[in-house]
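What the coordinates show
Here is what each chain is made of, one letter per residue.
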Amino acid sequence: MKKALKILAKIAAIGGAVYAALFAVFYFDLDGKAIFKFVEPTLVKHYDNMPRRDPLTRPYGEEPTNE
Amino acid sequence: MKKPDWNKLKEKLKKTDPKKLARDFLYGKPHGERRLGDLYEPKTGLYKHREWRGVKDTFYYFNNIWLYNYGMMVADIMKYGGLVTFAKGVWRYRWVGQSYLPVMHWFDRGLEGVRGEALRASAWHYRAMVNQTIEQFMRMFCADQNIGGSKALYDQTIAHDETVWGGVFYPYRDQLDDIPLQMIPYFVTCHVNNHTVLNYIDATQSLGLPGDPCPMCQAECGLMILDDEPDFYPAFITTNEACDGSVATSVIQDWMINKPLYAMPQPMQFDDPLVQEHCAKEIEGAFRFIEEQMGVEFHWSELVKHVEEQNELQRFEWEKWDVAANTSYYPITGTAQALYRIYQSQRGNRKIWHDTDKRVRKILEKCVEQKIDTFPLTRHRVIAWSCAPLYYSHWCTWAYNCWGLNCIINMDSLMFDMTIRTDTYDNMLLDFARYHEWAPMRRMAVGGLKHIFELWENMEKFHCDMVMMYDQLQCKGMQGVHGLFEDEFRARDIHAIWMPHALPDKRTVSREEIRRIINDYMFTVMQEEPLDPSLLEFDDSKSW
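Residues numbered from 1 in each chain as written. Chains lettered and ligands numbered in written order. Predicted model: local features only at pLDDT ≥ 70, side-chain atom pairs only at ≥ 80, totals over all residues.

Quick word on the interface of chain B and chain A
For the record, the criterion: By the convention adopted here, residues make contact when the C-beta atoms placed from their backbones lie within 7 Å. Here a strand is any run of E in DSSP of at least two residues, a helix any run of H or I of at least four, and the numbering for each starts at the N terminus.
Each partner contributes to the interface: chain B provides 25 residues, whereas chain A provides 24 residues. Contributing elements (two or more residues each) for the side of chain B that touches chain A: helix H3 (55-79), helix H5 (94-100), helix H6 (103-110), helix H11 (215-225) and helix H12 (244-257) of chain B.

Observations regarding the sheet that holds strand E6 (residues 405-410) of chain B
Residues and elements named next belong to chain B. Our working definition: By the convention used here, strands pair only if DSSP detects at least 2 bridges between them. Between N-to-C directions, angles cover 0 to 180 degrees, with each direction set by a line fitted to C-alpha atoms, over the stretch in contact for helices.
The strand order E6-E5-E7-E8 describes an open sheet built from four strands, whose pairing is parallel. Two strands close off the open sheet at either side, each with one partner strand: E6 and strand E8 (495-501). Strand-to-strand twist of the sheet, defined as the mean angle between neighbouring strand axes without regard to direction, takes the value 30 degrees. When strand E7 (residues 466-472) meets E8, the two strands line up parallel, connected through seven bridges. Along E8, the bridge assignment pairs tyrosine 470 with methionine 499.

Looking at helix H10 (residues 196-206) of chain B
Residue and element names in this part refer to chain B. Going by this rule: Counting other C-beta atoms within 10 Å of its own, a residue is labelled buried from 20 upward, exposed at 12 or fewer, and partly exposed in the gap between, with every C-beta atom placed from the backbone. Directions from the helix axis toward the C-beta atoms define the arc.
Listing the buried residues of H10 in full gives Thr196, Val197, Tyr200, Ile201, Ala203 and Thr204. Along the axis of H10, the buried positions cluster into a sector of 155 degrees, meaning they face one direction only. Tucked inside the fold, the buried residues of H10 contact H5, helix H9 (183-192) and H11. Following H10 by one or two positions, glycine 208 has its phi on the positive side, about 100 degrees.

Focus: unusual backbone geometry
Residues and elements named next belong to chain B. Notably, serine 386 is not glycine yet its phi reads approximately 80 degrees, a positive angle. The residue serine 386 is located in the loop between strand E5 (380-385) and helix H17 (395-403) in this model. Residue serine 386 is classed as buried on the basis of its C-beta count, with 26 C-beta atoms lying within 10 Å. The phi torsion at aspartate 493 lies on the positive side, around 55 degrees, for a residue other than glycine. With respect to the element layout, aspartate 493 can be found in the loop between helix H23 (482-492) and E8. According to the C-beta neighbour criterion, aspartate 493 is exposed, with 6 such atoms within 10 Å.

With respect to the environment of B:Met499
Residues and elements named next belong to chain B. Counting through the fold element by element, methionine 499 comes out in strand E8. Residues methionine 499 and lysine 281 lie 218 residues apart in sequence; the distance between their C-alpha atoms is 39 Å. Beyond its immediate stretch of four places on either side in the chain, methionine 499 contacts Met468, Met469, Tyr470, Asp471, Ile514 and Ile517.

Right, dumping it as structure tokens:
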């Protein structure tokens, strides 16, 4: 019984800590800051440097490809 | 690190009223003391910290909006195709990776300062739109031949211009799915993250195409030029949307896509009964095209089922309008009202709209029964007319927080003001034609003077005392009637603020400039003082 209670208390403590951490992320807009300062610039760099097909050089009437 | 000034801190503590502090903590600061503008970091619009709305509303926002929606987004992605397909799409397409990751900031901007039942009802609208966005882009990716999607799904997906109403595909919904070409890669991105669309506008202009047509058409065209459109469909249906600029877009799309295309125009002078018959024939032509290209059959029972369900959505919309028009208990922000309505009526019948309406109905009924004044510091009831700036759809939230301008209703919400008959095939077809003719940017914006001037009767109906007149600088149709509106506003003694913008392009008229124009009008013409002076001027030029 005691062991079960201890495990429950541990789960509650971990759950509480995770909840508090998530609240901190929410309250201080850490998700927004991370996306704005790191994720978006990284992705933009990737998209800017991506090789792309140029549909303008395809002769009129020729089927587009997926390569 | 800067040392804290203990003397200043002591002084501040001495002046602090602990009772007020406790009250503000429990219930949030009252409107007028919030200083929401102080929460922003300069330029980016990021929050130093998110708003404290009192214990109940802050934790509602955290649990039922922020956590819930992040969780539901993952659940939706899993449900509609899985994380691997999503990751492939994010890696391949700029518009999804750059635009949709900061989606919770879209919620934040639209729900700033909102409390109680209005917070709850408006957030449900956002949740529905997010669900539909995910469903659509996941379907695109699952069938996308560019990233190795399923050929079977590709053969069961038809594409169409975003202003072709999803209802055209109701007879075939049990055999295929329809996905608009531009709604997710273009339209919704502008609201969530307005940086992305600029790439597509610039791509079009870089070819030497003129920069003065509607930037919406330019952006849609740019998606093709930059090869950023998934290949998820064997055929597509296009329309002239609202103007000639968009016809040109269709020509370029046709060239670049090079797949079977059916053009289904939306007539401008739709009051003519002959036009009505012609439009009905065009829709029948679309039915035949779908059947020939997709190998599907016309199922009347499927059509009736979806139309009846859509009529149910329309009837609830009318109930909402009734509460909005005649009471102060309407719990939906101007932004949520406008975006949800246009999204729902354009996309057609989907389960999520019914789930959302059920939830919103409960909140709406509670507000009416308990006479909850949802926007208590309303000074003016505003109707917004013409086409809105996509990069600043949340101006309504700002205008209420700063000036007490409560945007009750807008033009785009009022377009599809009808149910559809299912008693006979002919009646259904005529109603389909009417619905198609009343498309976005069509019925009131370029549908003839009588319809453009439906503003006056709606102003009366919704008991509005002010007009926010959108002025899309690159829309030749609406620019042509500018003077007529000016004359009418003067003759009718109506307070109207012209809000210039360039639809998706924030570089032409910035959000800061839009706010300045409203501020000037409120100070000089209305002789009023702001409710929250911290919102008068701030730089959000780099914000999403």
